[in-house]
Each structure stands twice: as structure tokens, then as C-alpha cells.
Amino acid sequence: GAGVSQSPRYKVAKRGQDVALRCDPISGHVSLFWYQQALGQGPEFLTYFQNEAQLDKSGLPSDRFFAERPEGSVSTLKIQRTQQEDSAVYLCASSLLGTDTQYFGPGTRLTVL
Amino acid sequence: RKEVEQDPGPFNVPEGATVAFNCTYSNSASQSFFWYRQDCRKEPKLLMSVYSSGNEDGRFTAQLNRASQYISLLIRDSKLSDSATYLCVVNLSKGSARQLTFGSGTQLTVLP
């Protein structure tokens, strides 16, 4: 079946612009995660949804970052007033409820100029 | 101190060599452990889970020592296709959240 998909795959934004990154999880996966991966580092947790409920947003680096999953499937990560330090790959992962195995999408590479 | 620390690498080894990666984690309440593989400019993919009894999958062997909070991965008879970054991953479950905490990764290059 289809894996996790993300769009766009690449995004270039000017500093101060708002961006929206989309994630389509694997069908039937209740849990959805967003991670941020800086160059040369491992992914770092941003936020977690169970269905439409955002149960953990402790990893969001600032109030410029906002995520939603209004119908419990597709999720959007929005970054307002982008800064250069936001440049990274944003990875989305999904999993079945109660399991540890997370399946990652290909990521969105964000470059803020 | 990072919650998950790995050998910095990079490791450059000839084909057929045996190579071992080590990892330590700081949270003794960690519940599950994994090795992920990440190819250049690709997403992480689960390589194997790690159990206290140790587990093997073909040429790959993973070990967990809960007392020492130490995880290892051994690759035998390395292949060119094993070249990738290997990420040590710990599940720091907090309530209903099952976030994964990643090490920075160890880069492996297998040379012909």
C-alpha cells in the first residue's frame, strides 16, 4: 500500500514568509508525528497527534510553529514568519495505535533565505 | 548532555569487514529501542528493534544492556549497500505519547 507522503518535497521561503507543510499518513494510522532534522543531526520530535487530538506539542521550538490534523488524517505543519534557523528537513511519521514502529515520509526540505 | 549519544564516526571500512556501533541513553525509564538506517537525503527506515536478550537479523546483531543504558549494533560481512547513516533510537514514552528520540547518527561508508 501507499506509504506516508509529504508535500511539497522542497520549499524555499524568504525570511518572514509563512509556509505550510502537508503530511498524508498511511491509511488507518491513528498516530502521527512531526520531526525536524537539521543537517548532520538526527530527527528531533516536534509534535504528536492521536486522531485529531494534539496530545504533545512540547517539541515545537516557538509559537511560530503550529500543527493541526482537523479530521484525524491529513496533517499540516505551519511555520509563521520563517527564520533562517528554521531551515531543515521536516519529517512526518505515522503508526498504528499502541505500536512503536513509525513509518516516515520522504520529508520536506525547507530552506529559508 | 544529549539524551541519546552515539559514536561520532564516520566509519570507513572495506567490504567484508565487521563493524560495531555503540550508543548510550540517559533516561533509565526508556521503554523500547531501535536502530534506524538513513540513506543520504532519504527518510529514516527501521532496521531492527533491540531487545534485552539480543537479536539477530541476518548479518545484523543488536544488543541492549539496560543496566549500563547501552545499545550496540554489529554488522558482519559488510556490503557496499550497507553504506548509510545508522541512527540509535529510544522510545521515551510519556503518557500516551510515543515520541522517538534519535541520536545524531553514525555514518558508515563501505569501501570496495
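Residues numbered from 1 in each chain as written. Chains lettered and ligands numbered in written order. Predicted model: local features only at pLDDT ≥ 70, side-chain atom pairs only at ≥ 80, totals over all residues. Heavy atoms only, no water.

**Q** Requested: an account of the state of the cysteines, with residues and values cited.
**A** Residue and element names in this part refer to chain A. Applying the stated criterion across every chain yields a total of two disulfides over all chains. The disulfide partner of Cys23 is Cys92, and the gap between their sulfur atoms is 1.9 Å. Judged by the sign of its S-S torsion, about -65 degrees, the cystine formed by Cys23 and Cys92 is left-handed. Placement of Cys23 in strand S3 (residues 19-24) and of Cys92 in strand S9 (residues 88-95) is noted, with a sequence separation of 69 residues between them. (Disulfide = S-S within 2.5 Å. Helix = DSSP H or I, 4+ residues; strand = E, 2+ residues; numbered from the N terminus.)

**Q** I'd love a proper account of the interface of chain A and chain B, names of residues and values included.
**A** Counting residues at the interface gives 24 residues for chain A and 19 residues for chain B. Of the roughly 1700 Å² buried where chain A meets chain B, counting both sides, 48% is carbon and sulfur surface. Viewed at the interface, chain B and chain A are joined by zero salt bridges. Taken together, chain A and chain B are joined by five residue pairs in polar contact (both at pLDDT 80 or more). Listed by contribution, the elements that provide at least two residues to the side of chain A that touches chain B are strand S4 (31-37), strand S5 (44-50) and strand S6 (53-56) of chain A. In terms of residue class, the side of chain A that touches chain B is built from ten nonpolar, eleven polar and three charged. (Contact = heavy atoms within 4.5 Å. Buried area = accessible area lost by both parts, 1.4 Å probe. Salt bridge = Lys/Arg side-chain N within 4 Å of Asp/Glu carboxyl O. Polar contact = N/O pair within 3.5 Å; in protein donor to acceptor, adjacent residues only side chain to side chain. Nonpolar A, V, L, I, M, F, W, Y, C, P; charged D, E, K, R; others polar.)

**Q** Talk me through unusual backbone geometry; I want residue IDs and the actual numbers.
**A** Residue and element names in this part refer to chain A. The step from Ser7 to Pro8 runs through a cis peptide bond, and the omega angle for that step is -10 degrees. Along the chain, the position of Pro8 falls in the loop between strand S1 (5-7) and strand S2 (10-13). Despite not being glycine, Asn51 has its phi angle at roughly 55 degrees, a positive value. Within the secondary structure, Asn51 sits in the loop between S5 and S6. A positive phi angle, close to 45 degrees, is found at Arg81, a residue other than glycine.

**Q** An account of the side chain of Thr101 of chain B is needed here, citing residue identities and associated values.
**A** Residues and elements named next belong to chain B. Along the polypeptide, Thr101 turns up in strand S10 (residues 100-102). The class of Thr101 is buried, set by a relative accessible area of 12%. With sequence-adjacent residues up to four places away left out, Thr101 is seen in contact with Glu3, Val4, Cys88, Val89, Val90 and Leu92. (Buried < 20%, exposed > 50% of the residue type's maximum accessible area, 1.4 Å probe, protein only.)

**Q** Got a sec to walk through the sheet that holds S1 of chain A? Specific residues and values, please.
**A** All names here are of chain A. Here we have four strands laid out as an open sheet, ordered S1-S3-S8-S7, and antiparallel in their pairing. The strands lining the two open edges of the sheet, one partner per strand, are S1 and strand S7 (65-68). With strand direction ignored, the average angle separating the axes of adjacent strands in the sheet is 15 degrees. (Pairing = 2+ DSSP bridges. Axes fitted to C-alpha atoms, helices over the stretch in contact; angles between N-to-C directions.)

**Q** Explain the pairing of S3 of chain A to me, using residue names and the numbers behind them.
**A** Residues and elements named next belong to chain A. Where burial is concerned, the two faces of S3 differ: the one with Val19, Leu21 and Cys23 is buried and the one with Ala20, Arg22 and Asp24 is not. Bridge analysis of S1 against S3 gives three bridges, and the strand direction is antiparallel. Paired with Gln6 across the bridge in S3 is Cys23. Pairing between S3 and strand S8 (residues 75-79): five bridges, direction antiparallel. Residue pairing in the sheet places Ala20 in a bridge with Lys78 of S8.

**Q** Outline the environment of Tyr103 of chain A, listing residues and values.
**A** Residue and element names in this part refer to chain A. Inspection of the secondary structure assignment puts Tyr103 in strand S10 (residues 103-104). As a C-alpha pair, Tyr103 and Gly3 span 100 residues in sequence and 7.7 Å in three-dimensional space. Tyr103 has contacts with Val4, Ile26, His29, Cys92, Ala93 and Ser94, leaving out every residue within four places of it along the chain.

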